[in-house]
Amino acid sequence: MRFDDRVAIVTGAGGGLGRAHALALAARGAKVVVNDLGGARDGSGSSLTAAQTVVAEIEALGGTAMADGASVTEPAAVQAMVDRTMAAWGRVDVLVNNAGVLRDKTFAKMELEDFRFVVDVHLMGAVNCTKAVWEIMRAQNYGRIVMTTSSSGLYGNFGQANYGAAKMALVGLMQTLSIEGAKNDIRVNCLAPTAHTRMTEDLGAALPLDQLGPELVTPGLLHLVSEDAPTRCILAAGAGGFERAYVTLTQGIRITGEDAPEQVAARFTEISDRADEIVPEMGAAQGMIELGKLQKALTR
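Each value, and the rule that gives it
Residues numbered from 1 in each chain as written. Predicted model: local features only at pLDDT ≥ 70, side-chain atom pairs only at ≥ 80, totals over all residues. Heavy atoms only, no water. Pairing = 2+ DSSP bridges. Helix = DSSP H or I, 4+ residues; strand = E, 2+ residues; numbered from the N terminus. Axes fitted to C-alpha atoms, helices over the stretch in contact; angles between N-to-C directions. Contact = heavy atoms within 4.5 Å. Parallel < 35°, antiparallel > 145°, perpendicular 65-115°, else oblique. Left-handed = near helix turned anticlockwise from the far one by under 90°. Nonpolar A, V, L, I, M, F, W, Y, C, P; charged D, E, K, R; others polar. Phe/Tyr/Trp six-rings, centres within 6.5 Å; stacked < 30°, edge-to-face > 60°. Buried < 20%, exposed > 50% of the residue type's maximum accessible area, 1.4 Å probe, protein only. Lys NZ or Arg CZ within 6 Å of the ring centre and 35° of its normal. Core = buried A, V, L, I, M, F, W, Y, C linked by side-chain atoms within 4.5 Å.

A. Quick look at the sheet that holds strand S5 (residues 143-148). The strand order across the open sheet formed by 8 strands is S3-S2-S1-S4-S5-S6-S7-S8, and the pairing between neighbours is mixed. Strands at the two margins of the open sheet, each flanked by one partner only, are strand S3 (64-68) and strand S8 (241-245). With direction set aside, neighbouring strand axes in the sheet form an average angle of 20°. With 5 bridges connecting them, strand S6 (residues 186-194) and strand S7 (residues 234-238) associate as parallel partners. From the neighbouring strand, Pro-193 faces S7, where its bridge partner is Ala-237. On the sheet, helix H3 (residues 75-89) packs against strand S1 (7-10), strand S2 (31-35) and S3 and is oriented at approximately 155° with respect to S3.

B. Inspection of the packing of helix H1 (residues 16-27) against helix H2 (residues 49-60) at higher detail. Here H1 crosses H2 at 25°, and the two axes come no closer than 10 Å. As judged from the angle between their axes, H1 and H2 are roughly parallel. Regarding H1 and H2, the two cross each other, and that crossing is right-handed. Residue-level contacts link Arg-19, Ala-22, Leu-23 and Ala-26 of H1 to Val-54, Glu-57 and Ile-58 of H2. Counted by class, the contact of H1 with H2 contains 5 nonpolar, no polar and 2 charged residues.

C. Looking closely at the packing of aromatic side chains. Applying the stated criterion to the full structure yields 1 aromatic pair. Ring centres of Phe-107 and Phe-115 lie 6.4 Å apart, and the angle between their planes is 80°; on these two criteria the pair is classed as edge-to-face. By relative accessible area, Phe-107 is classed as exposed at 58%. Just above the ring of Tyr-142 sits the side chain of Arg-6; from NZ or CZ to the centre is 3.8 Å. Over the face of the ring belonging to Tyr-142 we find Arg-144, whose NZ or CZ atom lies 4.2 Å from the ring centre.

D. Just the nonpolar core, in detail. By size, the foremost hydrophobic cluster in this structure holds 41 residues, and its most contacted members are Ile-9, Ile-145, Met-147 and Val-188. Excluding anything up to four places from it in sequence, Ile-145 contacts Leu-95, Asn-97, Thr-130, Trp-134, Met-137, Ile-186, Arg-187, Val-188 and Asn-189. Listed in part, the 32 residues of the second largest apolar core include Leu-17, Val-96, Leu-224 and Val-225.

E. Seen up close, the packing of H3 against helix H4 (residues 112-140). Across the interface, H3 lies against H4 with an axial gap of 9 Å and an inter-helix angle of 40°. In this structure, the crossing between H3 and H4 has a hand that is right-handed. Note on element contacts: H4 touches H3 through Asn-128, Cys-129, Ala-132, Val-133 and Ile-136, opposite Pro-75, Val-78, Gln-79, Val-82 and Met-86. When its residues are assigned to classes, the contact of H3 with H4 shows 8 nonpolar, 2 polar and no charged.

Pasting the structure below:
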């Protein structure tokens, strides 16, 4: 799997997962923009040092890279990063939306400012970066974009209402962009990693951290941004394990009448029956299933 003549932007690439992704892409031939604000885990502060250090690592191994310190929350700074990339290398083939922050607290104790900020970095940061490269990829008829989601978004996690909401929102973004980008061969996927980075350092002995190196996640990332990548995939990865997550829809049942609320409660097991559940191709599938039940009822 090679990325010769490809140009990749990796956000949050000054350490952890982003660094592993950037190093691997460069090792396989890509020119890499190493983007990192260089702030603390909660998003405060900034420094270009982390990004420059990774660029130096790439160059020492014979690769090509440039450092960028744009905050993904600032559309103008993101656009300037993309403009620099185009001026230097003339294209953008891969975007890895990896930048993130944590401000964990229970919802009862969480300030709305901390909720908004985490959503702004994870969700709107990915939106800002994707918007800045979208027309470039459309014109090229080629693009590979990965959103970094999380099991906290897919399944929930105590004390991470803000983080989980943002991470699940990225799945919704991926679902729609993969549909809209298909005709221009823009493939959009999600990666849900389990890795030992500064984002997980508080877990301590709760996980075998020595077995959770970010480099064990990166093989999955490389597939998701390769020429033969899938699209609309949620790939989970960690400790050398790889799994797929799906958003599914049961066949359900049709209920009407004055006692419909009571019937929904009484027959909730039937509604929840996962036999013949589907992975919808698009949101309209729900309406089609519901209208199908109506049509059957009308033709009895």
